[in-house]
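Breakdown of the fold
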Amino acid sequence: MTDIDAPMRYAEPAADRPARDGSIGLVILLALALAVAAIGLAMASRDVAEPFVLAILTGLAVVGVFCLFAGAVGILYFGQRHARNDITKAFADNLPQGALIADSSGRVLYANEAYRDLLGLDAEASVLTPDRAFSGNPHLAEPIFRLARAAQQGRSLKEEFRLPPPGEDEADGMAPRWFRISVQPMPPDPRSGRRGTLLVWQVEEITQDRAKDETSFAKVQAANAYLDNAPGGFFTADAGGSIEYLNATLAQWLGLDLSEVAARPPKLAEIMSEDSAALIAASGRGQGQGQSGIMRRFDIDLVKADGTSLPVRILHRLPRGGGLAHALVLNRAPGEVEEAGVAELRFARLFHSAPIAIATIDAQGFINATNPAFMRLFGGADGESRVNLETLVEPESHQALHLALDAAIAGQGSIEPVDIAFTGDGGRSGRIYLSPIKQAAGEGEAAIAYAIDTTEQRALEMQIAQGQKMQAVGQLAGGIAHDFNNMLTAIIGFSDFLLMNHRPTDPAFLDIMNIKQNANRAAGLVRQLLAFSRQQTLRPQVLVLGDVLSDLSILLDRLLGENVELTLDQGRDLWPVKADAHQFEQVIINLAVNARDAMPGGGKLTIRTVNIGEADSRALNYPELPPGDYVMIEVRDTGTGMSEEVRGKIFEPFFTTKEVGRGTGLGLSTVYGIVKQTGGFIYAESEEGKGTSMRVYLPRYIQVAGAIEIAKAERPVEKPKDLTGHGTVLLVEDEDAVRSFAARALSQRGYHVLEATTGTEALEIFAKHQGEVDLVVSDVVMPEMDGPTLMEKLRLQRPDIKIIFISGYAEDSFRRHLAENEDFMFLQKPFDLKELAAAVKVALQG
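An account of the accompanying structure is given in this report.

Each value, and the rule that gives it
Residues numbered from 1 in each chain as written. Predicted model: local features only at pLDDT ≥ 70, side-chain atom pairs only at ≥ 80, totals over all residues. Heavy atoms only, no water. Helix = DSSP H or I, 4+ residues; strand = E, 2+ residues; numbered from the N terminus. Buried < 20%, exposed > 50% of the residue type's maximum accessible area, 1.4 Å probe, protein only. Contact = heavy atoms within 4.5 Å. Areas by Shrake-Rupley, 256 points an atom, 1.4 Å probe, with all protein chains shown as cover. Pairing = 2+ DSSP bridges. Axes fitted to C-alpha atoms, helices over the stretch in contact; angles between N-to-C directions. Phe/Tyr/Trp six-rings, centres within 6.5 Å; stacked < 30°, edge-to-face > 60°. Lys NZ or Arg CZ within 6 Å of the ring centre and 35° of its normal. Arc of directions from axis to C-beta. Polar contact = N/O pair within 3.5 Å; in protein donor to acceptor, adjacent residues only side chain to side chain. Right-handed = clockwise from strand over helix to strand, strands pointing away. Salt bridge = Lys/Arg side-chain N within 4 Å of Asp/Glu carboxyl O. Parallel < 35°, antiparallel > 145°, perpendicular 65-115°, else oblique. Left-handed = near helix turned anticlockwise from the far one by under 90°. Nonpolar A, V, L, I, M, F, W, Y, C, P; charged D, E, K, R; others polar.

Turning our attention to the overall build of the protein chain. Within the protein chain, the regular secondary structure consists of 26 helices and 27 strands. Looking at the protein chain as a whole, 41% of its 846 residues are labelled buried. Put simply, of all contacts in the protein chain between residues at least 6 apart along the chain, 60% involve residues at least 24 apart. Counting every atom, the protein chain has about 47100 Å² of accessible surface; 55% of that belongs to carbon and sulfur.

For the rest of this paragraph, the subject is the environment of Asp779. Looking at the element boundaries, Asp779 is found in strand 25 (residues 773-779). On the basis of relative accessibility, which here comes to 0%, the residue Asp779 falls in the buried class. Considered as a pair, Asp779 and Val738 are 41 residues apart in the sequence and their alpha carbons are 9.9 Å apart.

This part takes up the sheet that holds strand 3 (residues 157-163). As summarised here, the arrangement of the five strands in space is 2-1-5-4-3, forming an open sheet in which the pairing is antiparallel. In this open sheet, the two strands that pair with only one neighbour each are strand 2 (108-111) and strand 3. Recorded for the sheet is a direction-independent mean angle of 20 degrees between the axes of neighbouring strands. Sheet topology note: the strand 4 (residues 177-186)/strand 5 (residues 198-205) ladder contains eight bridges and is antiparallel. Bridge pairing in strand 5 links Gln184 to Val200.

This part covers the packing of aromatic side chains. According to the stated counting rule, one finds 16 aromatic pairs in the structure shown. On the numbers, 5.9 Å between centres and 55 degrees between planes, the contact of Phe134 with Phe179 is tilted. With Phe134 in the loop between helix 5 (130-133) and helix 6 (141-153) and Phe179 in strand 4, this pair connects stretches of sequence that are 45 residues apart. Its relative accessible area of 1% is what places Phe134 among the buried residues. Ring geometry for Phe805 against Phe824: centres 5.2 Å apart, planes inclined by 70 degrees, an arrangement best described as edge-to-face. Here Phe805, found in strand 26 (residues 802-807), pairs with Phe824, found in the loop between helix 25 (812-815) and strand 27 (825-828); they are 19 residues apart in sequence, far enough to count as distant. On the basis of relative accessible area, Phe805 is assigned to the buried category, the value being 1%. On the accessibility criterion, Phe824 (10% relative accessible area) is buried. The positively charged end of Arg428 is found above the aromatic ring belonging to Phe422, 4.2 Å away from the centroid. Of note, Arg744 hangs over the ring of Phe497, and the distance from its end group to the ring centre comes to 4.1 Å.

With that settled, the discussion passes to helix 24 (residues 787-797). Along an α-helix, residues three or four apart share an orientation, since each turn contains 3.6 residues. For helix 24, every residue scored as buried is listed here: Gly787, Pro788, Leu790, Met791, Leu794 and Arg795. Along the axis of helix 24, the buried residues cluster in a sector spanning 155 degrees; they form a single face.

Position of Ser686 among the secondary structure elements: in strand 21 (residues 681-687). Taking relative accessible area as the criterion, Ser686 reaches 17% and is therefore assigned buried. For Ser686, the side chain forms a polar contact with the main-chain nitrogen of Met642, separated by 2.8 Å. For Ser686, the side chain forms a polar contact with the side chain of Thr692, separated by 2.9 Å. Apart from the residues within four sequence positions on either side, Ser686 is in contact with Gly641, Met642, Arg647, Gly691 and Thr692.

Summarising burial for strand 23 (residues 728-732): five of the five residues are buried, a large majority. Burial along strand 23 is two-sided: the face carrying Thr728, Leu730 and Val732 and the face carrying Val729 and Leu731 are both buried. What joins strand 23 to strand 24 (residues 752-756) is helix 22 (residues 736-748), and the crossover it makes is right-handed. Direction of pairing for strand 23 relative to strand 25: parallel, over a ladder of five bridges. Bridged to Leu730 within strand 25 is Val776.

This next bit is on unusual backbone geometry. Here the amide bond leading from Lys829 into Pro830 is cis, since omega sits at -5 degrees, within 30 degrees of zero. Mapped onto the elements of the fold, Pro830 is located in the loop between strand 27 and helix 26 (833-845). One non-glycine residue, Asp573, adopts positive backbone phi at about 55 degrees. Here Asp573 shows up in the loop between strand 17 (564-569) and strand 18 (577-580). The exposed category is assigned to Asp573, whose relative accessible area is 67%. Its identity as a non-glycine residue notwithstanding, Glu784 has a phi of 70 degrees, on the positive side. Structurally, the position occupied by Glu784 is in the loop between strand 25 and helix 24.

Moving on: the pattern of salt bridges. Inspection of the entire model under this criterion finds 24 salt bridges. Residue Glu159 is joined to Arg146 by a salt bridge in which the shortest nitrogen-to-oxygen separation is 2.7 Å. Of this pair, Glu159 sits in strand 3 while Arg146 sits in helix 6; the two residues are 13 residues apart in sequence, bridging distant segments of the chain. Judged by its relative accessible area of 11%, Glu159 is buried. Where Arg428 meets Asp453, a salt bridge forms, and the shortest distance between an N and an O atom there is 3.5 Å. Pair noted here: Arg428 is in the loop between strand 13 (418-421) and strand 14 (429-436) and Asp453 is in strand 15 (residues 447-453), with a separation of 25 residues, a long-range link. Using a relative accessible area of 29% as the deciding quantity, one classes Arg428 as partly exposed. The exposure class assigned to Asp453 is partly exposed, which follows from its relative accessible area of 39%. The network of salt bridges with common partners includes Arg608, Glu634, Arg636, Glu685 and Arg695.

Below, the discussion takes up the packing of helix 17 (residues 545-560) against helix 18 (residues 581-597). For the pair helix 17 and helix 18, the least separation of the axes is 10 Å and the interaxial angle reads 40 degrees. Taken together, the axes of helix 17 and helix 18 are oblique relative to one another. In this structure, the crossing between helix 17 and helix 18 has a hand that is right-handed. Mapping the contact onto sequence places Leu545, Val548, Leu549, Leu552, Leu555, Leu556, Leu559 and Leu560 in helix 17 and Phe584, Glu585, Ile588, Ile589, Ala592, Val593 and Arg596 in helix 18. Per-class residue counts for the contact of helix 17 with helix 18 are 13 nonpolar, no polar and two charged.

Next up, the structure:
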């Protein structure tokens, strides 16, 4: 019996066919012998020589035929001497693993001693290729089949397999053996004359290697079991914040399932706050700053699976040479930490969890320690790379920082905060507060820096300031408009009286007409001021902007002229909006005319409409634009554009860049007021030399279910041809000039006029003439009592009393404070004599 199981003992003749060394001397000697024989036979007689010649030729023929047959069956080899190499053979003979060479038919050409030893063969036993030697073992059927198939197909393959001992079930103490077998084709070699492909088999016993691997694996398993059941948590993470390993203890603390963790490793930001994850990930990138191998400590809160927090201390280190960062996690929950460390733990948690950026700095301004919020605010300053605070802010803040730091070193208790601009292109701003630290000998910390981001606050302050300015200017404009309307009412009214007393041929007639015409022009400016101050009367209705703009394009073509090309780019399925059609048209006209004036040499004007959904409105980044659905109307030109300074003032009343006499500065102010009063928003974007884009955002109108929307078009009051009448009119007006003109105008038309300067006086007169008064004409804004209050008190006495309000303000400014069923007429100041007389007659007839 051999020392390997029975299926390995089948054999053929020995595989090694060593070639004996030939000698050229023997060939020469044979040639000389033949030559001597030939000479001797030549000298002999024919009868004597002929038998010898025939015998020699017969012998040579027999030998030749024998060699041919021997070569055919492989007994003799021709032309192989040059392939012999003693060094190569010696190398193969002394290989530690078994080596065998066979041809494609499986005939063994060479096998070294190691191969015989592995198969347990003696020197006389025949040798089989490995696929045949192991084929009888049922345990090895699959790997042997794969090797045999690879050999047939002429490709390389390597297999490892376990060979059980004979009678495994009955054997005691006999360990299985492991083998590694490989097959590799050897292509033909024309230089050596070998044409066929040979197969090189290698057999190696790897039982000891396997035993070492199993021992090492067992040790790794034991180490993993120790890590998993250690009293502390452990994880490894890369610089991107991805956790590569997390032990069972930490998973248990966090309430995580280890099988789920293995299937989908979590991110650092999933088990702690984003700031803390950024802090640890940044320390993991410390290799680039020479920080590898340094231990860092973080006292932070982890986030459990149920959302609760777990206070821990993390000891973090990046291995030298880089790679994954290792972290040891210590549970610092109540009951897990000694009482002496509670105060330190609380401070560390407050420091790292604070939403305000905090750092300690030395006397030279270098940062020592930071919390996650500081790293997030200043872009990764971690206190380990010796960053100076100055390098994180723009140079204009350096002097103020120096003064504040000097004050902190001097121990001053109250130090003025320093407003800074962060370095970079983001345009961010912040504020730094410094407070002193009492230093002990050898300590390097001089101050604590607290920093906050004021970028949004600054933007909001600027927005509020701009809004307050526009509101103040609007209130001023509204007040001015009211006073001007009173004065213009008197000017226009008394001009009418003068025109009644002068014929057109009278030289003074033209002067009076000029006065009235300019007063009407002034009234137009006042209406624009009211539009800016959002105090004009609007008649909103549901509009389809596509239809409105299409109708308006004909007028715009005439306004723009031949040098300006007008393009309408209408969006599909535009949402409806609710606005005053006339005022909306005024907005588009004003914007178009402004664009035309910005293109003195001609150009292209594009009016584009498009729906803006809620998600798109969020992406616009306009601070005062609330998220929602809007319809955008963009008026874009290819004109001269404007600077940032000019763009910030374009909506202010009376601001204009046109030369004197070409503009009032109220066009865009009017647009601004109309858009705002409609509930919309307007923004300007411009670049000098490239043009301007004005974008108007009107909120989408959604009809309430069940409600019937009725478009309320403003119906002009039809003026009667006969303006005379009769009846008693109570006129209430605190402006003497307006009251005098109105009383005189109505008296001339046949009415009996009772005059009052205040609401209180009007009540007294009404009480005396209660049965006589047919109509009350009252101002809205008056001292002591306003017009709406007067109406309420009068209708308590006479619910059917007819009232006309006259005011320099818009009707909407006071109608919103009245009940919806209140019935009255409204006459906007300034008005002329005929408008007043017509309104009174219509009211009395109604």
